[in-house]
Amino acid sequence: MQRITVAKGDGIGPEIMDATLSIILAAGAQIEVDEIEVGEKVYLSGNSSGIAKESWDVIRKNKVFLKAPITTPQGGGYKSLNVTTRKFLGLYANIRPCMTMHPYVKTKHPKMDIVIVRENEEDLYAGIEHQQTDEVVQCLKLISRPGCEKIVRYAFEYAKQYGRKKVTCFTKDNIMKQTDGLFHQVFDEIAAEYPHIENEHWIIDIGAAKMADTPEVFDVIVMPNLYGDVLSDVAAQIAGSVGLAGSANIGEECAMFEAIHGSAPRRAGQNMANPSGLLQGAIQMLTHIGQTEIAEKVQNAWLKTIESGIHTYDIYEDGKSKMKVGTKEFAEAVIKNLGQKPSQLPAVSYQKDVKLNLPKYQRKPAKKKDLVGVDFFVHWADTDPDRLAAIVKKIETADIQLNMITNRGIKVYPDGFSETFCTDHWRCRFKPLDRKSITKQTIIELLSAAEKNQIDIVKTENLYEFDNKPAYSLGQGQ
Ligand code: NAD
């Protein structure tokens, strides 16, 4: 028996949760439910995170959380409960299967069956943003080796345990050589440990176009957070409907399962909503807690129900569907089909034990790290890079000199183009003349000289070499 935490959420949440629980319990799920309240009521009671402290205790104790969609009230100040939960509980992997149910649910892609594995904690979602000048704001994109290793390993382990043939990686490492470059590098390293699973890498732009056009060439796709956020919705939608997809958020300790759609407040309380998305989340939960036979039984009964044309309003089609039903009636139909398999759609068959082998991250030995220069970001409301160069050159010393200036990453000094548009945010790179390393004291002296010369430095970024390899990007055009 597994204790799980359940939140019925807002809008259509309670109806689809009741339907989902009734199906999995009828199938024999060995679960005991602790219910907590999250969402709109909690937000409106003055708790800006949408969840009470005692509820966290329940989630952390049970470690398995089935969550219906919630409504985030309009207006500022309310933190997204989903994002908070993922981060607090370290739910680093977001797993979203997107499979078509052609011809029973309309799609342009009758053969699509992909699983998106999205990194869930880092990338631009660290939420580290700053305004630095009148004209420029920045968002820090953080990618870590443990983050990459954990998600890529998850993708390959998932592929192995679920009998998938190929893992594809999407990044933009032709542009972001450090961040996406690390993700791609780790992908190649881990792929080599799984010789029986095909692997490939696509640049995200053409990969996304290919996925939207010919999704049947993909199997498991792993990617950093932002790309995964966007493309998992695209994948769910082109498979048939975002209303049919569920997702699992997995961490080393805890896991959360949900539908991918929201609380659809306009449909609430009318017994209309489709519980399939949440049911798909619950099926992932059952495999996660080792109740794979029950998961298989529920999935096959659900497929049977869909192919027999019993549909809720959102997927109902005159002429194709047989019966338009409400939330409760749909659940009853699935329950009636428990023990049956679909005859047209492929029936699923899960391995008895789908435990993934996910070793804890082992920190690597530290590399040799040398400080080899510094980037100063300067707020300067003029447009001529040569004049800025003349000003910042005043702080040069015999040891360290201005190496280049970029504006939004494009080199504008020396030898810039007059056509390049410049904002008020300039990066001035200082490097020692003879390529020997510098000390932090050098940077302190440069900063102090800049202050005396009224140069408005809004940020400094140290330039390092790790094991004698430069670990920073060049200026575009450098
Ligand atoms: P939504 O997904 O709730 O609804 C969009 C439309 O899709 C609805 O109008 C409805 O017609 C349809 N729909 C969605 N789920 C359906 C279902 N199960 N059955 C039938 N039709 C369904 O998106 P929204 O309207 O943008 O957001 C509503 C609220 O949900 C917002 O407060 C938003 O913050 C929240 N939301 C929550 C989550 C979550 O908790 N995971 C995710 C997304 C949005």
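Remember, it's a predicted structure, so these values are computed and weren't measured experimentally.

Chemist: Looking at this structure, I do not really get helix 11 (residues 327-336). What am I missing?
Modeler: Every α-helix winds through 3.6 residues per turn, so residues three or four apart in the chain are directed the same way. Among all positions in helix 11, only T327, F330, A331, A333 and V334 are buried. Each buried residue of helix 11 sits inside an arc of 160° when the element is viewed along its axis, so together they form one side. Across helix 11 from its buried face, at more than 90 degrees, point the exposed residues K328 and K336. Its buried side turned inward, helix 11 meets helix 1 (13-26), helix 9 (276-288), helix 10 (292-307) and strand 13 (310-311).

Chemist: Would you mind showing me how to read the site of the ligand here?
Modeler: Taken together, 19 residues form the shell around the ligand, and within it N82, G262, A264, N274 and Y313 come nearest. A distance of 3.4 Å separates an oxygen atom of the ligand from a polar side-chain atom of K67. A264 is positioned with one of its backbone polar atoms (N or O) 2.7 Å from an oxygen atom of the ligand. For the ligand, the accessible surface in isolation is 820 Å², of which the surrounding protein chains cover 66%. The class makeup of the residues in the shell around the ligand is seven nonpolar, seven polar and five charged.

Chemist: Explain the packing of aromatic side chains here, please?
Modeler: Between two aromatic rings, the relevant description is the distance of the centres plus the angle of the planes. As enumerated under the stated definition, the model contains 12 aromatic pairs in all. Where W56 meets F88, the ring centres are 5.4 Å apart and the plane angle is 85°; that geometry is what we call edge-to-face. One end of the pair, W56, is in helix 3 (residues 53-62); the other, F88, is in helix 4 (residues 81-88), and 32 residues separate them in sequence. When its relative accessible area of 13% is taken as the criterion, W56 is described as buried. Aromatic side chains W202 and F218 sit 5.5 Å apart centroid to centroid with 65° between the ring planes, which places their arrangement in the edge-to-face category. A residue pair is termed long-range when its members are at least 10 positions apart, and W202 in strand 9 (residues 198-203) and F218 in the loop between helix 7 (204-213) and strand 10 (220-223) qualify at 16 residues. Residue class for F218 comes out buried when judged on its relative accessible area of 3%.

Chemist: What exactly am I supposed to notice about the nonpolar core here?
Modeler: Soluble globular proteins tend to pack their nonpolar side chains together in the buried interior. In terms of nonpolar packing, the biggest core is built from 77 residues, with I24 and L66 touching the most fellow members. Counting residues per element, this core draws most heavily on helix 5 (residues 145-161), which supplies eight residues. Excluding residues that lie within four positions of it along the chain, I24 makes contacts with A29, I31, L279, A282, M285, L286, I294 and V298. Formed by 25 residues, the second largest nonpolar core is a distinct cluster that contains F376, W380, I405 and Y413.

Chemist: Mind showing me how you'd approach the pattern of salt bridges here?
Modeler: It is possible for side chains bearing opposite charge to pair when their charged atoms get close. Going through the model one piece at a time under the given rule, you end up with 27 salt bridges. Close ionic contact of K41 with E37 constitutes a salt bridge, the shortest N to O distance being 3.7 Å.

Chemist: How do you make sense of the domain arrangement of the chain when you look at a structure like this?
Modeler: Size of an interface: often given as the accessible area lost when the parts come together. Along its sequence, the chain is carved into domain 1 (1-91 + 242-352), domain 2 (108-239) and domain 3 (369-470). Computed from C-alpha coordinates alone, the two centres of domain 1 and domain 2 are separated by 25 Å. Contacts between the two partners involve 13 residues from domain 1 and, on the opposite side, 13 residues from domain 2. Between domain 1 and domain 2, roughly 1000 Å² of surface is buried when both sides are summed, and carbon and sulfur atoms account for 43% of that area. Linking domain 1 with domain 2 are zero salt bridges, by the criterion used here. Here domain 1 and domain 2 share five residue pairs in polar contact (both at pLDDT 80 or more) between them. Secondary-structure elements contributing two or more residues to the side of domain 1 that touches domain 2 are helix 4 and strand 11 (246-250). Residues that form the side of domain 1 that touches domain 2 fall into these classes: six nonpolar, four polar and three charged.

Chemist: Help me out: how do you make sense of the pairing of strand 10 in this one?
Modeler: Both faces of the sheet carry side chains from a regular strand, because those side chains alternate between them. The alternating pattern of strand 10 places V220 and V222 on one face and I221 and M223 on the opposite face, and all of these are buried. Inspection of the sheet shows strand 5 (residues 113-119) paired to strand 10 by four bridges, in the parallel sense. Across the sheet, the residue bridging to R118 is M223, located in strand 10. Pairing of strand 8 (residues 166-171) with strand 10 involves three bridges; the strand directions are parallel.

Thresholds, definitions, all that
Residues numbered from 1 in each chain as written. Predicted model: local features only at pLDDT ≥ 70, side-chain atom pairs only at ≥ 80, totals over all residues. Heavy atoms only, no water. Buried < 20%, exposed > 50% of the residue type's maximum accessible area, 1.4 Å probe, protein only. Helix = DSSP H or I, 4+ residues; strand = E, 2+ residues; numbered from the N terminus. Arc of directions from axis to C-beta. Contact = heavy atoms within 4.5 Å. Near = heavy atom within 4 Å. Polar contact = N/O pair within 3.5 Å; in protein donor to acceptor, adjacent residues only side chain to side chain. Areas by Shrake-Rupley, 256 points an atom, 1.4 Å probe, with all protein chains shown as cover. Nonpolar A, V, L, I, M, F, W, Y, C, P; charged D, E, K, R; others polar. Phe/Tyr/Trp six-rings, centres within 6.5 Å; stacked < 30°, edge-to-face > 60°. Core = buried A, V, L, I, M, F, W, Y, C linked by side-chain atoms within 4.5 Å. Salt bridge = Lys/Arg side-chain N within 4 Å of Asp/Glu carboxyl O. Domains from an automatic or database assignment. Buried area = accessible area lost by both parts, 1.4 Å probe. Pairing = 2+ DSSP bridges.

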